[in-house]
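# Chains, contacts and geometry: an overview
Each chain is listed here by its residues.
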Amino acid sequence: MGALRRTNVFIPDVAVLEKKKQENAQMATFTFRFLDALLARSFDFLPGQLTLLSVFGVGEEAWFYTSSPTSRGMVDVTVSLNSRTGSYLALMERGQMVGLRGPSGMGLPLQLAKGRRVYLIAQNSGLVPLRSFANYAVDQPTEFERIIVMNLVDRESSLLFSDELFGVWMGHSIFEVYVMSQELEREREGLKRGDVNYLFETANPQPENSLAFVAGSPDFLHACVKHLVQRNFRDAHIFVFIPRKFSCGFGICGGCKLGERYVCVDGPVYSMTELRKLPPEF
Amino acid sequence: MIHDAVLLKPKVKYWLDNLLGKYEVIAPVDTGRMIEYVPISRGEDALLEFGTPPLSPKGYFFPKSDLMFSTQSHRGAVTVQPAPIEARERVIFGVRPFDARALLIMDKQLIRQNAVDVYYQARRQRTTLVGIGAHKPDVLDFSVSAGSGPFDEDGLDMLFYDMEKEFYVMVLTEKGKKIVDDNFAPAEEHHRKLAREMKQRAEEKAKYDLNMERWKRYTPLEIFQLPYWSEVYLPCIECGACTFVCPTTVYSRTVDVEEEGGRGKRVRVWDSPYLERFAVTTEGYNPRPTLRDRFRDWVLEKFLFFPLETGVLNCVGCGRCIQHCPTQIDFRKIIANVRFE
């Protein structure tokens, strides 16, 4: 699933907009169905992989698949409405068509995660690349020991996927969900005031048989890695999403390069073991 | 398969005229603006003696503006039509040997194990490359030190040695053999001897000690983090000229164009990592926010990261980046003088 599907990697597959859902003021999730029925049934990807989404005549940008790969027939893509493609998608109606290329990148290490406790640690839109994994775990709960969501947002209005955070995930027997907001007028059940330090103190991640997947701003990534290392998580068990430009999506245009690695081919998730050898460009 | 021949200079135009019947022929021409590789319609238009042209023939494989696909929208439905793959065979005459080596480096970037640029690949397959060795290398030519040379044969189908009144011609591949006609005469031993001497003399001139042995004592991360990079970028005005004249570079981005009647197209255009927006993510994060970061990335991609990935430099030592830099940055010196402290 690391390589793009087509022989001519520049050609997107046409997909139909089926549904859109505003997640917060900046982000929305768009549900697409591939026009080609066979492709719609057979299309596969891994949580943490990206699609290159074309609004024809406007351009192409990379966004994460956010549905679970178990949801066949449709794919969710969560997009910033302030982006070039996002601002046009916001105006599109059900039935209108876009292009999707991909999947791009290697995604999360699903096999390694099986049988383990998995910490999904996200700040603000960092939850976007982790939603697919969380919903995969909802569909396949026996594959994991436990899923612990640790979500930090700047303010309550930055929350994403609230229905899942406070509903499906919080109510699921294998999930533990910790949500904190740095600015918050009034605490309520499931939502506390706190920063990254308090988030770690509260969730108290344990390294035994665990993996941590971390996504957010560079400052947040550094802070989380520091906390995890202090708690004796091994570098090989900490996986970080590297913010990188995906343009061609298969390692030629150079936009994503990090040292000798093409992030759009073997990223955007790297273990800290790998990242410590690469230029610290994040 | 190597065999050789001789072609008298006055016969070159007749040979090229013969080729024009079957092939599209591209050759170096003085267009009044500069020496450029352009399609010719008469063999006599091709220059036989010239310095390093400002641009290599790279654009015939990886055009500055390259159609990827067209779209047609009708009542909400969109169809996508891939760009046609050109089929006509072509010959590029007068290729400098380091520019053919550059195409081998481009192959490593564009014909990858997991994905192939089908447009580039088709152009490579249908093109025969005829080189003319640089018997008087340009003063900035350091191609030997970069793993190529003024008479480098790799990547060429034919290589011409300029022997004043005639060319000694090495036929290096089956593609090259196909374009030999009765204008060519058999070569003799004295031609071969002269060619060996000419190659040796030229190679002596196309050298510059890049002093890269020292790099092996340091990890890539240590080299990346040297304070040296915070000094050497200062004259750079981030115009990107070095990237656009580079024969090995394939940085690119795409542009969508909306046309009348529901038509549209996507075009790939050249790009430069010097430009501030080059690596900015969809969400606006720039991993290389300073010019220092971008300059270092360009230099280390050429001389450290690409070699780590492929075993070869992403440079053929053509010297164009130095020749065309408006602030006279000499990349040979930047590499040779790296300060490891």
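Residues numbered from 1 in each chain as written. Chains lettered and ligands numbered in written order. Predicted model: local features only at pLDDT ≥ 70, side-chain atom pairs only at ≥ 80, totals over all residues. Heavy atoms only, no water.

The next point concerns the sheet that holds strand β3 (residues 50-55) of chain A. Residue and element names in this part refer to chain A. Pairing is antiparallel in the open sheet, where six strands are placed in the order β4-β3-β6-β1-β2-β5. Strands with a single pairing partner mark the edges of an open sheet, and in this sheet they are β4 (59-64) and β5 (75-80). Averaged over all pairs of adjacent strands, the angle between strand axes in this sheet comes to 40°, irrespective of strand direction. Pairing of β3 with strand β6 (residues 97-104), which is carried by four bridges, proceeds in the antiparallel orientation. (Pairing = 2+ DSSP bridges. Helix = DSSP H or I, 4+ residues; strand = E, 2+ residues; numbered from the N terminus. Axes fitted to C-alpha atoms, helices over the stretch in contact; angles between N-to-C directions.)

To continue, consider the nonpolar core. In this structure, Ile121, Phe133, Phe144, Ile147, Phe175 and Phe213 of chain A are the most contacted members of the largest nonpolar core, which totals 74 residues. Sort the elements by how many residues they give to this core and helix α4 (residues 128-139) of chain A lands first, with seven residues. Those residues in contact with Phe213 of chain A, other than ones at most four positions away along the chain, are Leu108, Pro109, Ala113, Val118, Tyr119, Leu120, Ile121, Leu130, Phe133 and Phe239 of chain A. Ranked by size, the runner-up nonpolar core spans 72 residues in total, among them Leu7, Ile40, Val130 and Phe167 of chain B. (Core = buried A, V, L, I, M, F, W, Y, C linked by side-chain atoms within 4.5 Å. Buried < 20%, exposed > 50% of the residue type's maximum accessible area, 1.4 Å probe, protein only. Contact = heavy atoms within 4.5 Å.)

Residue and element names in this part refer to chain B. Counted according to the given criterion, the structure contains 54 salt bridges over all chains. Ionic pairing is found between Lys9 and Glu49, a salt bridge with its closest N-O pair at 3.1 Å. Placement of Lys9 in helix α1 (residues 9-22) and of Glu49 in the loop between β3 (35-39) and β4 (65-74) is noted, with a sequence separation of 40 residues between them. Where Glu36 meets Arg33, a salt bridge forms, and the shortest distance between an N and an O atom there is 2.9 Å. Classification of Arg33 by relative accessible area gives exposed; the value is 65%. (Salt bridge = Lys/Arg side-chain N within 4 Å of Asp/Glu carboxyl O.)

Residues and elements named next belong to chain A. As for its position among the elements, Ser158 is in the loop between β8 (146-155) and α5 (162-169). For Ser158, a relative accessible area of 12% translates into the label buried. Filtering out sequence-adjacent residues up to four positions away, Ser158 remains in contact with Asn24, Asn124 and Val153.

Our next topic: the state of the cysteines. This model, assessed by the stated rule, comprises zero disulfides over all chains. The cysteine Cys256 of chain A is free of any disulfide, with Cys264 of chain A supplying the nearest cysteine sulfur at 3.7 Å. We note that Cys318 of chain B lacks a disulfide partner, and the nearest cysteine sulfur, in Cys321 of chain B, lies 6.2 Å from it. Judged by relative accessible area, Cys318 of chain B falls into the buried class, the value being 7%. (Disulfide = S-S within 2.5 Å.)

Residue and element names in this part refer to chain A. Taking 1.5 Å of rise per residue, the 13 residues of helix α7 (residues 218-230) would be expected to cover 18 Å, and the 18 Å separating its terminal C-alpha atoms lies within 8% of that figure. Among the residues of α7, those classed as buried are Pro218, Phe220, Leu221, Cys224, Val225, His227 and Leu228. Each element contacted by the buried residues of α7 is listed here: β7 (117-123), β8, α6 (196-203), β11 (210-215), β12 (238-241) and α9 (272-275). At the exit of α7 stands Asn232, carrying a positive phi of roughly 70°. (Expected span 1.5 Å × (residues − 1).)

Take the pairing of strand β10 (residues 252-258) of chain B next. All names here are of chain B. Judged from the seven bridges that link them, β10 and strand β11 (residues 263-270) form a sheet pairing that is antiparallel. Bridge pairing links Val255 to Val267 in β11. Count of turn residues in the β10/β11 antiparallel hairpin: four residues, of which Gly261 carries a positive phi of about 70°.

The next thing to look at is the packing of aromatic side chains. If you walk through the whole model with that rule in mind, you get 31 aromatic pairs over all chains. Taking the centre distance of 6.3 Å and the plane angle of 85° together, the rings of Phe56 of chain A and Phe69 of chain B count as edge-to-face. You can see Phe56 of chain A sitting in the loop between β3 and β4 and its partner Phe69 of chain B sitting in strand β4, one on each of two chains. In this pair, the class of Phe56 of chain A matches that of Phe69 of chain B, namely buried. A centroid spacing of 5.3 Å and a plane angle of 90° characterise the contact between Tyr251 of chain B and Phe278 of chain B, whose relative ring orientation is edge-to-face. Placement of Tyr251 of chain B in the loop between α8 (241-245) and β10 and of Phe278 of chain B in the loop between β11 and α9 (291-310) is noted, with a sequence separation of 27 residues between them. (Phe/Tyr/Trp six-rings, centres within 6.5 Å; stacked < 30°, edge-to-face > 60°.)

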